[in-house]
Amino acid sequence: MVEKKEKVLKGLVKAVQSGDYVTISKSSKISGPSEHNVYLASVQAPKVGSSTRVEEPFAFEAREFLREQIIGRKAEFTQEYNYGGRDYGTLVVDGKNYNLLIVEAGLAKVVEKKGAMATSHNYEQLVNAQNEAKNKRLNLWASQDEKYLEKHTRKATYFTDAGYNAPKILEEAKHIDKPLESIVEYVFNASYLSVYVHKFQTQIKLSLVHLFTPQQDKQLLADGKVFVEKLLLHRTVGVKLERSEEGGTLVGRVFHPAGDIAFEILKNGYSKLNMPKNIDFDAEYFKTLKEGQLIAQSKNVRIWKDFKQEEKKSQQKPSATDFTGKVVEIHTGDSLTIERDSDFKQFRVFLTTVKAPLLMKKAGEDPDPYAWDSKEAMRRATIGKKVKVIMEFSKTINDRNMDFASVFLEKNSKNVACILLEKGLLKTNVSKSGDNASKFLEYLLAAEKKGVDSKVGIFSSAPAPIRVFSDLVANPKKAKDFEAMVMKRPNRKMNGVVEYCFSGMRFKVRLDGENTAIGFNLLGVKTMINDKNQPQMLEFSNEALAFAKDLVFQKDVTVEPDFADKRGSFFGTVTLSNKKDLGLLLISEGLAEVSVLGNKAPQNIEELENAQETARKEGLGIWSKSVQLSSSSGTKKVQQNERISVEMTDISDASRFFVKFVNENQYEKIEGRMNKFDYLQADDLERPIKKNTVCAARFKLDENWYRAKVLRGVGKNQYEVEFIDFGNSDTVNGDDLKRLPADLLAIEPQAKECSLAYIKVPRVDTEFGEEAAKFIQSQAMEKVTEAIVVEQQGDRLNIVLFPKGEKDWNKSINCKLIEKSLAQLQKFDEENDEYPEEINDWFDIEEEQRELQNKIWQYGGAQEDDE
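Source: prediction; values computed, not measured.

Our next topic: the overall build of the protein chain. A count of helices and strands for the protein chain gives 22 helices and 43 strands. For the protein chain, the C-alpha radius of gyration of 47 Å lies well beyond 29 Å, the compact-globule estimate for 867 residues. Burial analysis of the protein chain (867 residues in total) assigns 50% to the buried set. Look at the contacts in the protein chain between residues 6 or more apart in sequence, and 65% of them connect residues 24 or more apart. Surface exposure of the protein chain reaches about 43,500 Å², of which carbon and sulfur atoms provide 46%.

Before going further, it helps to spend a moment on the pairing of strand β32 (residues 643-653). With 8 of 11 residues buried, β32 lies mostly within the body of the structure. With 5 bridges joining them, β32 and strand β41 (residues 784-793) adopt antiparallel strand pairing. Its bridge partner being in β41, E647 is matched across the sheet by V784. Sheet topology note: the β32/strand β33 (residues 656-661) ladder contains 6 bridges and is antiparallel. By the bridge assignment for β33, E647 is matched with K660. Count of turn residues in the β32/β33 antiparallel hairpin: 2 residues.

This part covers the pattern of salt bridges. The full count for this structure, using the stated rule, is 53 salt bridges. In this structure, the salt-bridge partner of K774 is E770, at a minimum N-O distance of 3.3 Å. With a gap of 4 residues between them, K774 and E770 both fall in helix α19 (residues 769-780), about one helical turn apart. A residue is classified by how much of its surface remains accessible, and E770, at 43% relative accessible area, is partly exposed. Here the salt bridges share partners, and the residues they tie into one network are E376, R379, R380, E499, R510, D512 and D556.

It is worth spelling out the environment of N840 at this point. Its place among the elements puts N840 in helix α21 (residues 840-852). With relative accessibility at 39%, the residue N840 sits in the partly exposed group. N840 sits 30 residues away from N810 along the chain, and the two C-alpha atoms are 9.5 Å apart.

As a further point, take the sheet that holds strand β42 (residues 796-803). Hydrogen bonds along the backbone pair up the strands of a sheet, which may run parallel or antiparallel. A barrel is described by the order of its strands in space; here 5 strands give the closed sequence β32-β33-β39-β42-β41, paired in mixed fashion. Strand-to-strand, the axes of this sheet are offset by a mean angle of 55°, without reference to chain direction. In terms of strand pairing, β33 meets strand β39 (residues 752-756) through 3 bridges, oriented antiparallel. Residue pairing in the sheet places V659 in a bridge with K752 of β39.

On the surface, a cluster of negative charge is made up of D808, E819, D841, D844, E848 and E851. Per-element tally for the negative patch: the top contributor is α21, with 4 residues. In this structure, E851 sits in helix α21.

When we look at burial in α21, the residues that qualify are W842, I845, E846 and Q849. Taken end-on, α21 shows its buried residues confined to a sector of 100°, consistent with a single buried face. Tucked inside the fold, the buried residues of α21 contact β40 (759-760), β42, α20 (813-819) and β43 (824-825). Phi turns positive one or two residues past the end of α21, at Q853, with a value near 55°.

For the rest of this paragraph, the subject is unusual backbone geometry. Here the residue pair R687 and P688 is connected by a cis peptide bond, since its omega of -5° sits within 30 degrees of zero. Mapping P688 onto the fold places it in the loop between α17 (667-675) and β34 (694-698). The phi dihedral of F58 is positive, around 65°, even though this residue is not glycine. Among the secondary structure elements, F58 is positioned in the loop between β4 (43-44) and α1 (59-70). For F58, a relative accessible area of 0% puts it in the buried group. Of note, R137 is a non-glycine position whose phi angle comes to about 55°, a positive value. Note on placement: R137 falls in the loop between α3 (123-135) and α4 (146-151). Residue class for R137 comes out exposed when judged on its relative accessible area of 53%.

Let us now look at the sheet that holds strand β17 (residues 323-332). Taken in spatial order, the 5 strands close into a barrel running β17-β18-β19-β22-β21, and their pairing is mixed. Taken over all neighbouring pairs, the strand axes of this sheet differ in orientation by 45° on average, direction set aside. Where strand β19 (residues 346-351) lies against strand β22 (residues 400-409), 3 bridges are found, and the strand directions are parallel. Paired with F350 across the bridge in β22 is F404.

It is worth spelling out the domain arrangement of the protein chain at this point. Partitioning the protein chain into domains gives domain 1 (7-152), domain 2 (157-304), domain 3 (323-459), domain 4 (470-623), domain 5 (665-749) and domain 6 (752-866). Averaged C-alpha coordinates put domain 1 and domain 5 at centres separated by 112 Å.

We now examine the UniProt feature "domain: Tudor" (unreviewed entry) in the protein chain. With numbering matched to this structure, UniProt assigns "domain: Tudor" (unreviewed entry) to residues 688-747. Along residues 688-747 the backbone is 7% helical and 47% strand, and the end-to-end C-alpha distance reaches 24 Å.

The subject of this paragraph is the packing of aromatic side chains. In this description, an aromatic ring pair is defined by two values, namely the gap between the centres and the angle between the planes. Tallying each qualifying case throughout the model produces 31 aromatic pairs. When the centroid spacing of 6.4 Å and the interplanar angle of 65° are considered together, the rings of F159 and F188 count as edge-to-face. Within this pair, whereas F159 is found in the loop between β9 (157-158) and α5 (166-173), its partner F188 is found in strand β10 (residues 180-189), the two being separated by 29 residues in sequence. Residue classification places F159 among the partly exposed residues on the basis of a relative accessible area of 23%. Both rings, one in Y835 and one in F843, keep their centres 5.2 Å apart while their planes meet at 50°; by these two values the pair is tilted. Residue classification places Y835 among the partly exposed positions, given a relative accessible area of 35%. Taken together, the aromatic side chains of Y758, F802, W809, F828, Y835, W842 and F843 make up a single cluster linked through ring pairs. Taking NZ or CZ as reference, K134 lies 4.8 Å from the ring centre of W141, over its face.

With 48 residues, the main nonpolar core has I204, L241, V254 and I265 as its most contacted residues. Counting residues per element, this core draws most heavily on helix α7 (residues 261-267), which supplies 5 residues. With near-sequence residues (within four places) excluded, I265 lies in contact with A190, L208, L211, F227, V228, Y270 and S271. Formed by 44 residues, the second largest nonpolar core is a distinct cluster that contains I644, F661, V789 and W809.

Let us now look at the environment of F540. Residue position: F540 is located in helix α14 (residues 535-552). With relative accessibility at 5%, the residue F540 sits in the buried group. Through-space distance from the C-alpha of F540 to that of A592 is 8.6 Å; in sequence the pair is 52 residues apart.

Here the focus is the pairing of strand β15 (residues 250-255). Among the 6 residues in β15, 5 count as buried, and that is most of the element. Direction of pairing for strand β12 (residues 202-208) relative to β15: parallel, over a ladder of 3 bridges. The residue bridging L206 from the neighbouring strand is L250, located in β15. When strand β14 (residues 236-244) meets β15, the two strands line up antiparallel, connected through 6 bridges.

A rise of 1.5 Å per residue sets the reference length of α19, with its 12 residues, at 16 Å; its end C-alpha atoms lie 17 Å apart and thus fit the reference within 8%. Taken together, the buried positions of α19 are G769, A772, A773, F775, I776 and A780. Projected down its long axis, α19 carries its buried residues within an arc of 160°, all on one side. Contact partners of the buried residues in α19: β32, β39, β41, β42 and α20. Phi turns positive, to about 55°, at E782, one or two residues after α19.

Conventions used here
Residues numbered from 1 in each chain as written. Predicted model: local features only at pLDDT ≥ 70, side-chain atom pairs only at ≥ 80, totals over all residues. Heavy atoms only, no water. Helix = DSSP H or I, 4+ residues; strand = E, 2+ residues; numbered from the N terminus. Rg over C-alpha atoms; globule rule 2.2 N^0.38 Å. Buried < 20%, exposed > 50% of the residue type's maximum accessible area, 1.4 Å probe, protein only. Contact = heavy atoms within 4.5 Å. Areas by Shrake-Rupley, 256 points an atom, 1.4 Å probe, with all protein chains shown as cover. Pairing = 2+ DSSP bridges. Salt bridge = Lys/Arg side-chain N within 4 Å of Asp/Glu carboxyl O. Axes fitted to C-alpha atoms, helices over the stretch in contact; angles between N-to-C directions. Patch = residues over 30% accessible without salt bridge, like charges linked within 9 Å, V, L, I, M, F, W, Y side chains within 5 Å. Lys, Arg positive; Asp, Glu negative; His and termini not counted. Charge placed at Lys NZ, Arg CZ, Asp CG, Glu CD. Arc of directions from axis to C-beta. Domains from an automatic or database assignment. UniProt positions renumbered as here; feature names shortened; annotations may be inferred. Phe/Tyr/Trp six-rings, centres within 6.5 Å; stacked < 30°, edge-to-face > 60°. Lys NZ or Arg CZ within 6 Å of the ring centre and 35° of its normal. Core = buried A, V, L, I, M, F, W, Y, C linked by side-chain atoms within 4.5 Å. Expected span 1.5 Å × (residues − 1).

Shown next, in the form of structure tokens:
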């Protein structure tokens, strides 16, 4: 039944479904317009195909004729009749009757009037237009030849068809530079469309890149759909495809002359930014989209109506605001510690939205490929450099609070994460929710793309390099083997990286060129011991460590080893990248003292000693409080060949005894203070007690308290100590060790360790060793004698000892021991060794005793026993 009705509908043409069927929205407003599907009265265009319907010839051309001219335009539709629930009438756009125009173009037929059926008021005009089109043989009326009709029949593929192949379409599209000309055929939601691509004659499913539309709010979904339909439905657009997803959906960007639809969708809060996991994207475009979303968030529109509250719930504030500072430690390729400029406080930060290969894994598991390279690249790029830290958020993971930030080099404003991403030594790591996305995500992804395109690092198809370092720090045997190899080289200088600072003078150094890590000590330089029982020394020990760490920790250095001790620890010089000597710097700052082990002195010993004297005069560091005097190397430097008055205080062996300087001692001051020492009020030593700890110790024989140095532990709560003002040793109960006050710690040890110069004497445990020791004791113990200092080796003075007032070297105690066949001259190399003319007679004296074969010469001399 046909219902005759006339009314006029005005609005915008929202959609053109076919050559005779359009949709008109009554309002141009975005919010909830009412829409009407209308049909052209007395006109029938060929039927457009679908996945379930075969398309008729000229159907697509008829639809395009109408769509291209009227879509989005203001229209006036005069309803003339309703048939089967459909409104039929005349469509006028810009004063043109499109019922008439499509018939004139030969793209639609006039429905033949039969009986009492309703027709258009312009029926006669339509018939005349059709006759004219027939006469001109236009389109539908040109021919009924099958080939002709087939040529004008679109053979479209739909995304529901079995032959639909999204990856193939994507691959072909990548070879086309310009956006693909397309028509938006259907809008599923604000970010999901159906688009017909002319080039491939295929209707695809298209997801707008970087957009995600939540499905929970049905009203929001409907409003977003209407919003996009108003702007895009049946519009001609350009499409750039970026990737395909499972299920046949293609992801891409829509280009429209009127503006960017994705930006408008985000700006109006119909969708969210979907944090991209792929790297093939336009960073600047993503930044533009972010700006759109920020607008919506700032206005709290739609999806973002509760944005502020949600943000507070889902994210923790970082523990600091943005700051500038210096990188002081690298932990991994995505984690570093930075010292803030304003207050020198240190913060460990993790780089936002990136992940480095794992370096430290479970026991027995190998590190991830490129883990070492990632950390090393971060070290080279940042250690010791000024940076700007943009704090982003914090997270608590396994009860551990972690600050996430973006870090930029102050010198060139480069994002350090981008530097490593370009090298293929990091990967972006964006959660599905995007709550861990960096403010600078687009740049991170762009940098990662460069790494992928360059096929470097993680993205390389080549096998990852294997980094194996031989750690010699705890392997004395291998260290000595390495020493033997290095010592043969004409140039022992090696480039390295300080991996760890044990103290201000002792380090672990990684030698990349040798694939080896060694323990390394500064030669001729000693910092204070790290001892809680000696707070002043501890203070300067920590200061020296901090000073050295600031200069060399994880920095490139040059090391030149001189030797390795029996524990496999190397001794030598460390040179910074600026060519400065670390040992000299420590001495110059008063944070260390010169300490020579035997004859193992560095080549620049004079420079070190001059720097020490300057620091001493200026009262720098340890010299400001005489802290060094309580260390094991506190002996005052004595000038070579200086004659001094001494008094022997203890002898343990003919080759080792102790003296005090008669005119320069502080025994009275020390004795006065120790007499007032209240051991009951004094603090016990904190355990464990370290070697060389200077303290107060009770001497068993007289029950008095004296200053002492701990030599070693010898049993449960038993310690061997040396009384530093006398030189004698004893075993003391740990309860009889107490802390010394600072003023007593600051006084130099009074007993000076000595040995007799130019001669070798038998050890005390050999046949004539005790006799030699007793002779020396009889000549010098508690007597004022005179000594000429031949040399000072570390803490030990090598002397010629004379009775008081005696000048004749042949009457020295050294010579008397030779005369009594209790000593022999040391061996001299006639070409290289220098000795004073004063001992010329000693050679004759020795020869006489050798011929007599008395005492030591019965067995070939003291040297045999000593060695």
